[in-house]
Amino acid sequence: MATQPKLTRFNQNVLSKYQIYNSIFMTLPFDTITKTGVLLPLFHETCTKGFSKGDDPTSIVNDFFEKYQARRTPESQINLLFRFIQYIERQVVLFDAIEDAAFPVINNMDGIGTLRSLKETASAENKLDTLRSYLEEFKVRIVLTAHPTQFYPGSVLGIITDLTEAIKDNDLLMINDLLAQLGKTPFFKHEKPTPYDEAVSLIWYLENVFYQSFGKIYDYIQQNIFDGKQIDNDIVNIGFWPGGDRDGNPFVTPETTLKVAARLHETIIKNYYRDIRKLKRKLTFEDVEDRIAELERGLYATLLHKESELTLELFVSELKDIKQLVIDKHQSLYVSEITSLLNKIHLFGFHFSTLDIRQDSRAHDKTFNNMVSALAKNGNDIFPENYYDLPESEQVQVLSKIKGTVDLSLIEDEDTLKALNTMKAIKTIQETNGERAANRYIISNNQTTLNVMQLFAMLKLVAFQDELTVDIGPLFETITDLENAHLVMEELYTNPEYSAHLAKRGNKQTIMLGFSDGTKDGGYLMANWAIYKAKERLTTISRQYDITVIFFDGRGGPPARGGGKTHNFYASLGPTIEDKEVQLTIQGQTISSNFGTLDSSQYNLEQLISSGIHNSLSDSDLRMLPENRTVMDNLAKLSYKAYVDFKQHPKFISYLEHMSTLKYYAKTNIGSRPSKRGKADGLVFEDLRAIPFVGSWSQLKQNVPGFFGVGTALKHYEDSGEFEKVQKLFKTSSFFKTLIENSMMSLSKSFFDLTKYMSEDPEYGEFWTIIFTEYETTKRLILKLTGYAELMQEEPAGKASINIRESIVLPLLTIQQFALKQIQELEKAEVKDTERIAIFEKLVTRSLFGNINASRNSA
């Protein structure tokens, strides 16, 4: 029987099931809810018809109450709107669970981009040996971050997991019970989580998803590509930021870092313990049973923090001996299960995930200066007296050759002490959980060689006097810093002491590049093109000095933050960009939507592996043609100018402050980190974090960071009669094609009818019109460029999913805009009704949750 088209599979397995189960959910009897399930469809219909007629959100809400609920008091009306929000939040969860359950049906788990497809292609082209040799070096690392774009509390995540399984089994009674449970389970967090809480939430995915999916992928590669032989390379591994990312988060302390590392260690031991217990039930053979039982006792003692002789080395050697015994004496019975556990130990060690430490270069500078001052005050001669009088190049030389130990009891400043103790914590974690447990330090906002060498010196003085077993990764974020990055790295590569450090670290240098702040700084096209060119320059300079550069991409969920169809980016890079490793951040909703189940996790990891390897196996040369580079360069400059002019508009900041949900992000209690970097009372653009910045545009359904400037740049070529040059670029450059396809996703999630009323606002009408005009121009010219009749034409199932999600949250967005408008009107009154303002502010804050979750990659 022929496989049905993807859209048909989606409609049958997602849309139809959602309609059936949603109808059950809408009729469930909840004690505290009267008529909500009946009234919500009527409200949805009122919204749909109202926007199609050009009505504004306030008129739509008032029309609904006049038509269907005229007797309600104002207080009762507000209560109903709150209940609508609660219902919609749960409809989103239901849709998530149905889509997760249908994932292996909708997506071809053995199709293009999977490991099976990769292996079959390599076999057919007689390139299996090439594939094997590449896999002996190639790695994919996904790094889970603590950035707050995930609104589901743990209890709701548990319901989603159970609901997904029940839907897979078509277990109607269980689905009914879980929907009822969902209706009674609170979504709202009354207190901000601590950094440790955030870590625990993400460790759930490590324990329940990644442990299995990483293991399965590694097992498949070993069995089917390497014919069962041992592979020294781990190929896939996980990084972890919660508890180690101190950038802008004063709540991450050295104690937090140590506590998170301990939790990671405890969790992986727990997983090994479960697997050993399963093996114990199977390996009931003479000479084997007692040895497995001894391993079980050792792991159990470790879990209880009792004395145990079980080290990682002993665990591995004992399992290898048991495996050999089973092969020699017991006909290899269950040997594949032993091999699978050995593979997991190879991947996860006793650390489970590598805990990265991150801090801003400006915070380091302050820490460093305080440390030097404290040492000088106490007569310590580690630094020369005239250190601050030296030019920067000579300061770098001093830091390169630094020797000695800093006595931390001399440090009085609390923040300085925390920063230096975090460096000590890295050493402690390495001693307890192994070097891989914490061996990388990221410097965000890195601008100079001195930024790197200050950290280099502090690490050596505080904890690593003998040998520095930490990789230092500068993060370049702004357009200017990206342009200068290769010059900074050349200074480091030519520094004898830093070069010697790299030699001890395998001549590998991690460099992180920030898509989120790059887009916020320079706009969508310029940020992506600047990073592409920076990678080329950094590859050239690194190869010149025999250094393998590892690019670590700081990507968010949406295209505006480097997300979207991420694997397509890696498949589009040519030979001018180093591709021995793919490393990227995964955060918030992207973790749950792309990696939240065993199926989606395995599929998307395989896509990343295949996209990274694709270039090396392909005979086609993906490097950009000279004439295409000229066009791409020009497009980036044109869009950059349009975006910078827009950003400098006198109403830009105040529009975000007064017309969007920006200031409400901090009230959602989803993350431990403050929503802006600085302490100024007013809104300063430079202090604004990328997540609330991008998220606020998403809530407005304007998605500015994902398209603004693209239309203006394309229009230049249309106006000058050279549009065919851009069309050629689209047809011949996979990189540009991916950029445009991701921008289409941003456009597809925009809905300007929601905020059309702003066009008549005396203060912001002109500014709204600028955004809408750019949206219309971009949409028209992208359709002309691609030849599509509609946006996302080549991804009908993805488009259908977006359309349903947008439809589900339409009433919620209407309520949000209605509440924002009420606040604006109440703020104008001479005597402010603070009580009523607070009610509408709460309505806005509650409306954020469902919309963010529905978008799945909005922030």
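Look above for the structure.
Residues numbered from 1 in each chain as written. Predicted model: local features only at pLDDT ≥ 70, side-chain atom pairs only at ≥ 80, totals over all residues. Heavy atoms only, no water.

Draft legend 1. Fine view of unusual backbone geometry. The residue Asp 287 is not glycine, and still its phi comes out positive at about 75 degrees. Relative to the assigned elements, Asp 287 resides in the loop between α10 (254–282) and α11 (289–303). The partly exposed category is assigned to Asp 287, whose relative accessible area is 39%. We note that Lys 701 has phi near 60 degrees; this positive angle belongs to a residue other than glycine. Residue position: Lys 701 is located in the loop between α27 (690–699) and α28 (710–719). (Helix = DSSP H or I, 4+ residues; strand = E, 2+ residues; numbered from the N terminus. Buried < 20%, exposed > 50% of the residue type's maximum accessible area, 1.4 Å probe, protein only.)

Draft legend 2. Structural context of the packing of aromatic side chains. Per the counting criterion, the structure on display carries 49 aromatic pairs. Look at Phe 51 and Phe 751: their rings are 5.5 Å apart centre to centre, the planes differ by 85 degrees, and that puts the pair in the edge-to-face class. Here Phe 51 is found in helix α2 (residues 36–53), whereas its partner Phe 751 is found in the loop between α30 (734–748) and α31 (765–786), with 700 residues between them in sequence. On the basis of relative accessible area, Phe 51 is assigned to the buried category, the value being 3%. For Phe 751, a relative accessible area of 27% translates into the label partly exposed. (Phe/Tyr/Trp six-rings, centres within 6.5 Å; stacked < 30°, edge-to-face > 60°.)

Draft legend 3. Expanded view of the pattern of salt bridges. The full count for this structure, using the stated rule, is 52 salt bridges. As a salt-bridge pair, Asp 633 and Lys 533 come within 2.9 Å of each other at their nearest N and O atoms. With Asp 633 in helix α25 (residues 626–647) and Lys 533 in helix α21 (residues 524–544), this residue pair connects regions lying 100 residues apart in the sequence. With relative accessibility at 23%, the residue Lys 533 sits in the partly exposed group. Between Asp 633 and Lys 637 there is a salt bridge; the shortest N-O distance is 3.7 Å. Of this pair, Asp 633 and Lys 637 both sit in helix α25, four residues apart, which is roughly one turn of that helix. Members of the salt-bridge network, linked through shared partners, are Glu 89, Arg 90 and Arg 846. (Salt bridge = Lys/Arg side-chain N within 4 Å of Asp/Glu carboxyl O.)

Draft legend 4. Up close: helix α19 (residues 496–504). For α19, every residue scored as buried is listed here: Tyr 498, His 501 and Leu 502. Buried residues of α19 fall within an arc of 100 degrees about the axis and therefore sit on the same side. Along α19, the residues that are exposed and aim more than 90 degrees away from the buried face are Pro 496 and Lys 504. At its buried positions, α19 is contacted by α17 (449–462), β6 (471–476), α18 (479–493) and β7 (508–514). The backbone nitrogen of Glu 497 lies 3.0 Å from a side-chain oxygen of the residue at the head of α19, namely Asn 495. Just past α19, the residue Gly 506 takes up positive phi, approximately 80 degrees. (Arc of directions from axis to C-beta. Contact = heavy atoms within 4.5 Å. Polar contact = N/O pair within 3.5 Å; in protein donor to acceptor, adjacent residues only side chain to side chain.)

Draft legend 5. Geometry of the pairing of strand β8 (residues 548–554). For β8, the tally of buried residues reaches six of seven residues, placing the bulk of the element in the interior. Relative to β8, β7 runs parallel, the two sharing seven bridges. The partner of Met 512 across the bridge, within β8, is Phe 552. Judged from the two bridges that link them, β8 and strand β9 (residues 581–587) form a sheet pairing that is parallel. Looking across to β9, one finds that Phe 552 is bridged to Gln 583. (Pairing = 2+ DSSP bridges.)

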